[in-house]
Amino acid sequence: SSLTGFILLLSAMSFVSCEKEVEDPGKLLIGKWNQVSTKIIHYYDNVKINETTNTYSPGEYVLEIYENGTASRYYNGKITSSYYWSIEGDILLITWDTGIVQKNEYSVNSYTLTLRWAVEETSDGHTSRSEYESVYNRD
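Residues numbered from 1 in each chain as written. Predicted model: local features only at pLDDT ≥ 70, side-chain atom pairs only at ≥ 80, totals over all residues. Heavy atoms only, no water.

1. A closer look at the confidence of the model for the chain
Condition: Confidence of the predictor in every single residue is expressed as pLDDT, which spans 0 to 100. The way it works is that DSSP assigns letters per residue, a run of H or I at least four long becomes a helix, a run of E at least two long becomes a strand, and they are numbered from the N terminus.
Per-residue confidence for the chain gives a mean pLDDT of 86; residues scoring 70 or more make up 82%. Averaged pLDDT values over the elements of the chain bottom out at 54 in helix H1 (residues 2-29) and peak at 98 in strand S2 (residues 47-55).

Next comes the structure, spelled out in structure tokens:
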């Protein structure tokens, strides 16, 4: 049982050491991002129905992420929506001004931000799922 305690302590320590790494992606998110594309894949009962990719011109859709945990989305220079953001592990939580919370898997580096999320609805025993992947380049 002392071995079990030691293993638990080790896993707790490794968790604590990971905490510091989580702060850096948040700092990388700060700034202006030009939306490059959004890929949408539709499934019906887990069967892929179609896939489309929309591409955008620089400045058409811009995401500006602020250090204070808020962000704004612009379309052709006009603000279209605002939200609060926070990070939980590898998930970027976005709370839109409508109150909807969107959980995004994200990856970010100095140049590119990728957000992935899905919307799933079930009706009459059938499941419709749409998967989204939006790619942004730093402005």
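2. Points about the side chain of Gln 35
Keep this limit in mind: A 3.5 Å cut-off defines polar contacts: any pair of N or O atoms within that distance qualifies, except that in protein one atom must be a possible hydrogen donor and the other a possible acceptor, and neighbouring residues in sequence count only when both atoms are side-chain atoms. We call two residues contacting when some pair of their heavy atoms lies within 4.5 Å.
By the secondary structure assignment, Gln 35 is in strand S1 (residues 31-44). Among the polar contacts listed, one links the side chain of Gln 35 to the side chain of Arg 73, at a separation of 2.9 Å. Here Ser 134 takes part through its side chain, which lies 3.5 Å from a polar atom of the side chain of Gln 35. In contact with Gln 35, other than residues within four places in its own chain, are Tyr 56, Ser 57, Tyr 61, Arg 73, Ser 134, Val 135 and Tyr 136.

3. Quick word on the pattern of salt bridges
Definition in use: Whenever a carboxyl oxygen of Asp or Glu lies within 4 Å of a side-chain nitrogen of Lys or Arg, that contact is scored as a salt bridge. Only protein chains enter the accessibility calculation, which uses a 1.4 Å probe; a residue is then buried when its area is under 20% of its type maximum, exposed when over 50%, and partly exposed in between.
Using the criterion set out here, one finds four salt bridges in the structure. In this structure, the salt-bridge partner of Arg 116 is Glu 133, at a minimum N-O distance of 2.8 Å. Of this pair, Arg 116 sits in strand S8 (residues 112-123) while Glu 133 sits in strand S9 (residues 126-138), and the two are 17 residues apart along the sequence. Residue Glu 133 is classed as partly exposed on the basis of its relative accessible area of 22%.

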